[in-house]
Every structure is written in C-alpha cells, then in structure tokens.
Amino acid sequence: MLIWLIAGFIVVPFVMAALAALSRTVRWIWHLLAVISFYISGSIVAAALYRNIVHQTVLTTNVHDLLLNPWFLVSGSFLGLYIPYRMLAGLWVHLRR
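Now for a quick tour of the structure.

### Structural notes on the overall build of the protein chain
In terms of helices and strands, the protein chain carries 4 helices and 0 strands. The C-alpha radius of gyration computed for the protein chain amounts to 17 Å, which surpasses the reference 13 Å derived for 97 residues by more than 25%, pointing to a less compact arrangement than a globule. Reported as C-alpha extents along the three principal axes, the dimensions of the protein chain are approximately 55 × 30 × 20 Å. Residues classed as buried in the protein chain amount to 21% of the 97 residues present. Once local pairs closer than 6 in sequence are excluded, the contacts in the protein chain between residues at least 24 apart make up 75%.

Right, dumping it as structure tokens:
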C-alpha cells in the first residue's frame, strides 16, 4: 500500500500538469478545488484549535480527532497533490522560456 501512495504522489501531479496544459478549464478547476480545499482544511484546524482552547486540553492528545476527519483527509490530500502540480507547472513555464 505504501508503494501505491508514493507512486501516486509522484505520478498524479504529472497527470494534473498534463491535463492543465491541454485545457484551460481543467486548470481553472484545479485552482478552484485548491482554494476550496484550503478553506476546508483551515476551518477544520481552526475549529480543532478553538475546541482545545475552550476545553483547556493539549493538542497532542486530541490530534487524532483532527487526523481522522474525512473532510480534512480529502482536502489535505488534494492540497498535497496540488502543491507538486503547481511546482511542476512553474518549472514547465520556466523551461519553455
């Protein structure tokens, strides 16, 4: 399973960059999904921190609630693929000059 995760982390950003190079709409969709994912992840983290402050608990004892949240996992996973995609897209633009 770990091999599939690592391979996906390497291959998927290249596929995203290729699709974005072919279609402006796909590029717009990647950016829109990244903004939505950023706000979802940020809201979940902010809510978890607020909950810890209100209940006067330590974040490390409640971190599993945050990491097991499916919305956080999906949005964070997309951001984890989007960042290498943007790096590849920037490299591609730089190399074309």
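### A few points about the packing of aromatic side chains
In total, this model carries 4 aromatic pairs according to the counting rule given. Pairing W30 with F78 gives two aromatic rings, centres 6.3 Å apart and planes at 45°, and the pair type is tilted. Taken together, the residues span a long stretch of sequence, with W30 in helix α2 (residues 24–55) and F78 in helix α4 (residues 70–96) at a distance of 48 residues. Across the pair, exposure class does not vary: W30 and F78 are buried alike. Relative to Y85, the ring of Y82 has its centre 5.6 Å away and its plane inclined at 50°; by these criteria the two rings are tilted. Highlighted residues: Y82 and Y85, both in helix α4, separated by 3 residues, approximately one helical turn. Take Y82: its relative accessible area is 14%, and that puts it in the buried class. A residue is classified by how much of its surface remains accessible, and Y85, at 1% relative accessible area, is buried. Joined through ring pairs, the aromatic side chains of W30, F78, Y82 and Y85 make up one cluster.

### Re the nonpolar core
Across soluble globular proteins, you tend to see nonpolar side chains buried next to one another. M16, A17, A20, W30, A34, F78, L79, Y82, Y85 and A89 together form the largest nonpolar core, which totals 10 residues. Listed by contribution, the elements that provide at least two residues to this core are α1 (2–22), α2 and α4. Counting residues per element, this core draws most heavily on α4, at 5 residues. Each residue touching M16, except ones within four places of it in the same chain, is listed here: W30, F78, L81, Y82 and Y85.

### What about the side chain of S37?
Examined against the element boundaries, S37 turns out to sit in helix α2. Sequence-distant contacts of S37, defined by excluding residues within four places in its chain, comprise S75, F78 and L79.

### Examining a nonpolar patch on the surface
Together, M1, L2, W4, L5, I6, F9, I10, V11, F14, V15, L19 and L22 give the surface a local cluster of nonpolar side chains, amounting to about 1,400 Å² of exposed area. For L22, the location among the structural elements is in helix α1. The exposure class assigned to L22 is exposed, which follows from its relative accessible area of 72%.

Cut-offs and rules
- Residues numbered from 1 in each chain as written.
- Predicted model: local features only at pLDDT ≥ 70, side-chain atom pairs only at ≥ 80, totals over all residues.
- Heavy atoms only, no water.
- Helix = DSSP H or I, 4+ residues; strand = E, 2+ residues; numbered from the N terminus.
- Rg over C-alpha atoms; globule rule 2.2 N^0.38 Å.
- Buried < 20%, exposed > 50% of the residue type's maximum accessible area, 1.4 Å probe, protein only.
- Contact = heavy atoms within 4.5 Å.
- Phe/Tyr/Trp six-rings, centres within 6.5 Å; stacked < 30°, edge-to-face > 60°.
- Core = buried A, V, L, I, M, F, W, Y, C linked by side-chain atoms within 4.5 Å.
- Patch = residues over 30% accessible without salt bridge, like charges linked within 9 Å, V, L, I, M, F, W, Y side chains within 5 Å.
- Areas by Shrake-Rupley, 256 points an atom, 1.4 Å probe, with all protein chains shown as cover.
- Salt bridge = Lys/Arg side-chain N within 4 Å of Asp/Glu carboxyl O.

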